[in-house]
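Take a look at the letters that make up each chain.
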Amino acid sequence: FVVGTLAIGLIVVGIMAANRGNGIGIAGLIGPADYLIVRVLQNTIISNTMTGIINTTTGTTSDLIKGLGYARSNGATVINLSVQGYTDHASLQPEINRCEEAGILLVVCAGNSGTNTDIAPNFPSSFTNANIISVGGHDWTDARWNGGADIYFPSNFGATNVDVFAPGAYIPSPDLSRSDGDYASWTGTSFAAPHVTAVAAMIKSLNPSWTAAQIKQAILSSVTTNANYAGRCVSGGRLNALGAIGRAVAGRPADDADS
């Protein structure tokens, strides 16, 4: 299988794929794998009084459509979409539909405006296609990240337009924009989504024949529920990686004597 990522590439892939057991930096959720990184955004580094630096990114709908089409045509079965705020969503819908028809699971960040996307939709996370998992971000207190005192990239929410929450506040990952090429922490739903993408990819590797709907069901049915998420997402909880992977293992066909 191929994991496609259309996002802030290195940082997102680092969360999923950073080497384990080497005593350096972080350990990725699934470790080394095959990734197809598709650039659809233009990146600018700007200063920020809270974190020192941040990445500000912009992109066109046409580039996102082309990027999705490229990943779809090149075998991606799970795609991470850490992108948000597309207003020209009507032209994007046909490509989202093609991904659904191809059986591709799209894991999409829910956005960082702190708004209820049931009222003010965010695209592409607010598309209603069954192959989309919309991911909000939570913090270390096991609650939706509300931006803190500085209102820094608060996670969107929505009882019907956000599916699940995952870690999204001060997430460490490799950062080549630093002069020392070291690690930095990042906040936003863009960094919550790859946690879910990694689990989805692991499920797909365990059960290659599973559909996007089956993978999504395994993830949403195994969440850790909490009153903090009630009414803020479909599942009412946050990602439980062990629970989701356990469901995938339980769903594997039993090996018989002939293997």
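> Residue-level account of the environment of Ser235, with values.
With respect to the element layout, Ser235 can be found in the loop between strand S11 (224-225) and strand S12 (237-238). Given a relative accessible area of 17%, Ser235 falls into the buried group. The spacing of Ser235 and Ser222 is 13 residues in sequence and 8.9 Å in space, taken between C-alpha atoms. Setting aside residues up to four positions removed in sequence, Ser235 forms contacts with Asp163, Val164, Leu220, Val223 and Thr225.

> Provide a residue-level description of the packing of helix H2 (residues 61-73) against helix H3 (residues 89-101), including the pertinent values.
Packing of H2 against H3 leaves a shortest axis separation of 10 Å and a crossing angle of 10°. The angle between H2 and H3 places the two elements in the roughly parallel class. Residues Thr61, Leu64, Ile65, Leu68, Gly69 and Arg72 of H2 pack against Ser91, Leu92, Glu95, Ile96, Arg98 and Cys99 of H3. Per-class residue counts for the contact of H2 with H3 are six nonpolar, three polar and three charged.

> An account of the nonpolar core is requested, with residue identities and associated values reported.
Of all hydrophobic cores here, the largest spans 25 residues; its most connected members are Val135, Val196, Ile203 and Ile219. Every element with two or more residues in this core is listed here: strand S6 (105-109), strand S7 (132-138), strand S8 (164-167), helix H4 (189-206), helix H5 (212-220) and helix H6 (241-250). When residues of this core are assigned to their parent elements, the largest contribution, six residues, is made by H4. Once residues within four sequence positions are removed from consideration, Ile203 is found in contact with Trp210, Ile215, Ala218, Ile219, Ala244 and Ala248. Residues Leu41, Ile96, Phe123 and Ile132 belong to the second largest nonpolar core, which totals 21 residues.

> Quick one: what's the story with the environment of Ser205, residue by residue and with numbers?
Relative to the elements of secondary structure, Ser205 occurs in helix H4. Residue classification places Ser205 among the partly exposed positions, given a relative accessible area of 37%. Expressed as a C-alpha distance, the spacing of Ser205 and Ala248, which sit 43 residues apart in the sequence, is 9.5 Å. A polar side-chain atom of Ser205 sits 2.7 Å from the main-chain carbonyl oxygen of Met202.

> Tell me about H4, and name the residues and values.
Side chains that are three or four residues apart share a direction in an α-helix, a result of its 3.6 residues per turn. Taking 1.5 Å per residue, 18 residues should reach 26 Å; H4 reaches 26 Å between its end C-alpha atoms and fits that length. Where burial is concerned, most of H4 is hidden: 15 out of the 18 residues are buried.

> A description of the pattern of salt bridges should follow, citing residues and the corresponding values.
Per the counting criterion, the structure on display carries three salt bridges. Among the ionic pairs, Glu95 bridges to Arg98, the shortest N-O distance being 2.9 Å. Note that Glu95 and Arg98 are positioned in helix H3 at a spacing of three residues, about one turn of the helix. Linked by salt bridges that have partners in common, Arg72, Glu95 and Arg98 make up one network.

> Go over unusual backbone geometry with me, naming the residues and quoting the values.
Most peptide bonds adopt trans geometry, and most residues besides glycine take a negative phi value. A cis amide bond links Phe123 with the next residue in sequence, Pro124, at an omega value of 15°. Here Pro124 shows up in the loop between S6 and S7. At Asp142, a position not held by glycine, the phi torsion is positive, near 60°. Among the structural elements, Asp142 can be located in the loop between S7 and S8. For Asp142, a relative accessible area of 19% gives the class buried.

> Mind laying out the packing of aromatic side chains, listing which residues take part and the relevant values?
We describe a pair of aromatic rings using the distance from one ring centre to the other and the angle between the two ring planes. By the definition in use, this model includes seven aromatic pairs. Here Trp140 and Trp145 contribute two aromatic rings whose centre-to-centre distance is 5.8 Å and whose plane-to-plane angle is 45°, an arrangement assigned as tilted. A relative accessible area of 61% means that Trp140 is categorised as exposed. Classification of Trp145 as buried rests on a relative accessible area of 5%. Geometrically, the ring pair formed by Trp145 and Tyr170 is edge-to-face, given 5.9 Å between the ring centres and 80° between the ring planes. Here Tyr170 lies in the loop between S8 and strand S9 (171-174) and Trp145 lies in the loop between S7 and S8, a separation of 25 residues in the sequence. Since its relative accessible area comes to 29%, Tyr170 is described here as partly exposed. Among the aromatic residues, those joined into a cluster by ring pairs are Trp140, Trp145 and Tyr170.

Cut-offs and rules
Residue numbers run consecutively from 1 along every chain, following the written order of its sequence. With the structure being a predicted model, the display of local features is reserved for residues of pLDDT at least 70 and the display and counting of side-chain atom pairs for 80 or more, all residues being used for whole-chain, interface and lining totals. Neither water nor hydrogens contribute to the side-chain values; these are computed over all heavy atoms in the structure. Secondary structure elements are defined from DSSP: runs of H or I of at least 4 residues count as helices, runs of E of at least 2 residues count as strands, and each element is numbered from the N terminus. Each residue's exposure class comes from its accessible area (1.4 Å probe, protein chains only) as a fraction of the maximum for that residue type: buried when under 20%, exposed when over 50%, partly exposed otherwise. Throughout, a contact is declared for two residues whenever any of their heavy atoms are within 4.5 Å. Only the stretch in contact is used when fitting a helix axis, every axis being a line fitted to C-alpha atoms; angles between N-to-C directions are given from 0 to 180 degrees. Any angle that falls under 35 degrees is termed roughly parallel, while one over 145 is termed roughly antiparallel, one within 65 to 115 roughly perpendicular, and all others oblique. Gly is placed with the polar residues, together with every amino acid not listed as nonpolar (Ala, Val, Leu, Ile, Met, Phe, Trp, Tyr, Cys and Pro) or charged (Asp, Glu, Lys and Arg). Working definition of a nonpolar core: buried Ala, Val, Leu, Ile, Met, Phe, Trp, Tyr and Cys residues. They are joined through side-chain atoms within 4.5 Å. Under the rule applied, a polar contact is a pair of N or O atoms within 3.5 Å (in protein, one hydrogen donor and one hydrogen acceptor; residues adjacent in sequence only if both atoms are side-chain atoms). Take the residue count of a helix, subtract one, and multiply by 1.5 Å to get its expected span. Whenever a carboxyl oxygen of Asp or Glu lies within 4 Å of a side-chain nitrogen of Lys or Arg, that contact is scored as a salt bridge. Under the pairing criterion, centres of Phe, Tyr and Trp rings, with the six-membered ring standing for Trp, must be within 6.5 Å; the plane angle then separates stacked pairs below 30 degrees from edge-to-face pairs above 60, leaving the rest tilted.

Any functional reading would require information beyond the geometric quantities listed.
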